[in-house]
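Here are the chains, one letter per residue:
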Amino acid sequence: MSRLTPRTTAEMTPKQAELFEQMADGRTPVGDGHLGGPFDGWCLNPSIGRRIWQLGGAIRHKPSIEKRYIELAILVTGQLWQAQFEWWAHETMARDAGLTESTIQSIKIGEEPVFDDVGEETAWRLCTTLHRDKKVDAATYAAAVEVHGEAGVADLIHTLGFYVLVCMTLNTFEVGLPEGAVAPFPV
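Description of the structure in this document. The structure presented is a predicted model; accordingly, all values stated were derived computationally and were not measured.

## Points about the overall build of the protein
Consideration 1: Counting its secondary structure elements, the protein contains 8 helices and 0 strands.
Consideration 2: The secondary structure elements of the protein, listed N-terminal to C-terminal, are α-α-α-α-α-α-α-α.
Consideration 3: Over its C-alpha trace the protein gives a radius of gyration of 17 Å, about what one expects of a compact globule, namely 16 Å for 187 residues.
Consideration 4: The C-alpha extent of the protein, read off along each of the three principal axes, is 55 × 30 × 30 Å.
Consideration 5: Among the 187 residues that make up the protein, the fraction classed as buried is 45%.
Consideration 6: In the protein, the proportion of contacts linking residues at least 24 apart, taken out of those at least 6 apart, comes to 65%.
Consideration 7: Counting only carbon and sulfur atoms, one obtains 56% of the accessible surface of the protein, whose full area is about 9900 Å².
Consideration 8: Looking at charge distribution, the protein has the averaged site of its 16 positive side-chain charges lying 6 Å from that of its 25 negative ones.

What follows is the structure, encoded as structure tokens:
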């Protein structure tokens, strides 16, 4: 159950309804005026919500690095925030992008995975270091740039920041999981 007041598209302002329709295009809305995830919260202020939605699309669909590294950063952030919906939505995407089950499950319980891929290891180290220390030491930064390049490091940082916003939205509005879905974290 979400804290958000349920609204139909008829109850939305024209700009809210327009953004809702744009975000609904290509996905199955849960109901009239309800998409689920962070999207319903973004409809409240369409001027900001539209930009958030566009940024998310750019991060997820046009990164300069492999999608599995982006999904790894999303999982690290979802685990940190214990964002039930975020983890639920991205665990399968991470698997489909090439992360192993053992890596996914290690991240889920907050442990360092055993990596076979230096790209995953440097991405994980950069992401967890930045979240934990609020900065990145020289060695971690240099290793990440060597593997991912400066643009790739920027993409990882942008992903972290964006998904902190997503997790804050989900957790504040108490966005629930779809019916039948199992919560990934203890409630």
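Picking up after the structure, the text goes on.
## Some points on the packing of helix α5 (residues 84–97) against helix α6 (residues 101–108)
Consideration 1: As a packed pair, α5 and α6 sit with axes 10 Å apart at the nearest point and diverge in direction by 155 degrees. With respect to each other, α5 and α6 are oriented roughly antiparallel. Handedness of the α5/α6 crossing: right-handed. Contacts between α5 and α6 involve Trp 87, Glu 91, Ala 94 and Arg 95 from the first element and Glu 101, Ile 104, Gln 105, Ile 107 and Lys 108 from the second.

## Structural notes on the side chain of His 90
Consideration 1: As for its position among the elements, His 90 is in helix α5.
Consideration 2: Of the polar contacts made by the side chain of His 90, one reaches the side chain of Glu 71; its length is 2.8 Å.

## Comments concerning the nonpolar core
Consideration 1: Ranked by size, the top nonpolar core spans 42 residues in total, and within it Met 23, Trp 42, Leu 72, Leu 75, Ile 107, Leu 156 and Phe 162 carry the most contacts.
Consideration 2: Of all the secondary-structure elements, those providing two or more residues to this core are α1 (14–24), α2 (39–42), α3 (46–61), α4 (67–81), α5, α6, α7 (118–133) and α8 (138–172).
Consideration 3: Among the elements that take part in this core, α8 stands out by supplying 8 residues, more than any other.
Consideration 4: Sequence-distant contacts of Phe 162, that is, excluding residues within four places in its chain, are made with Trp 42, Ile 52, Leu 55, Gly 56 and Ile 59.

## Overview of a negative patch on the surface
Consideration 1: Judged by side-chain charge, Glu 11, Glu 21, Asp 25 and Asp 32 come together as a negatively charged surface patch.
Consideration 2: With respect to the helices and strands, Glu 11 occurs in the segment before α1.

## Some words on the environment of Thr 122
Consideration 1: Tracing the chain through its elements places Thr 122 in helix α7.
Consideration 2: Overall, the relative accessible area of 10% leaves Thr 122 in the buried class.
Consideration 3: Reaching out from Thr 122, the side chain makes a polar contact with the side chain of His 148 at a distance of 3.0 Å.

## What to know about the packing of α1 against α3
Consideration 1: Here α1 crosses α3 at 15 degrees, and the two axes come no closer than 9 Å. Between α1 and α3, the interaxial angle falls into the category roughly parallel. Where α1 crosses over α3, the handedness of that crossing is left-handed. On α3, the residues that touch Lys 15, Gln 16, Glu 18, Leu 19, Gln 22 and Met 23 of α1 are Pro 46, Gly 49, Arg 50 and Trp 53.
Consideration 2: Among the residues forming the contact of α1 with α3, the class breakdown is 4 nonpolar, 3 polar and 3 charged.

## Remarks on the packing of aromatic side chains
Consideration 1: The tally for this structure, following the rule as stated, stands at 6 aromatic pairs.
Consideration 2: By the ring-pair criterion, three or more aromatic residues cluster together here, those being Phe 39, Trp 42, Phe 162 and Tyr 163.
Consideration 3: Here Arg 27 stacks its cationic end above the ring of Phe 39, 4.2 Å away from the centre of that ring.

Scoring rules and cut-offs
- Residues numbered from 1 in each chain as written.
- Predicted model: local features only at pLDDT ≥ 70, side-chain atom pairs only at ≥ 80, totals over all residues.
- Heavy atoms only, no water.
- Helix = DSSP H or I, 4+ residues; strand = E, 2+ residues; numbered from the N terminus.
- Rg over C-alpha atoms; globule rule 2.2 N^0.38 Å.
- Buried < 20%, exposed > 50% of the residue type's maximum accessible area, 1.4 Å probe, protein only.
- Contact = heavy atoms within 4.5 Å.
- Areas by Shrake-Rupley, 256 points an atom, 1.4 Å probe, with all protein chains shown as cover.
- Lys, Arg positive; Asp, Glu negative; His and termini not counted.
- Charge placed at Lys NZ, Arg CZ, Asp CG, Glu CD.
- Axes fitted to C-alpha atoms, helices over the stretch in contact; angles between N-to-C directions.
- Parallel < 35°, antiparallel > 145°, perpendicular 65-115°, else oblique.
- Left-handed = near helix turned anticlockwise from the far one by under 90°.
- Polar contact = N/O pair within 3.5 Å; in protein donor to acceptor, adjacent residues only side chain to side chain.
- Core = buried A, V, L, I, M, F, W, Y, C linked by side-chain atoms within 4.5 Å.
- Patch = residues over 30% accessible without salt bridge, like charges linked within 9 Å, V, L, I, M, F, W, Y side chains within 5 Å.
- Salt bridge = Lys/Arg side-chain N within 4 Å of Asp/Glu carboxyl O.
- Nonpolar A, V, L, I, M, F, W, Y, C, P; charged D, E, K, R; others polar.
- Phe/Tyr/Trp six-rings, centres within 6.5 Å; stacked < 30°, edge-to-face > 60°.
- Lys NZ or Arg CZ within 6 Å of the ring centre and 35° of its normal.

What is shown is where atoms sit, not what they do.
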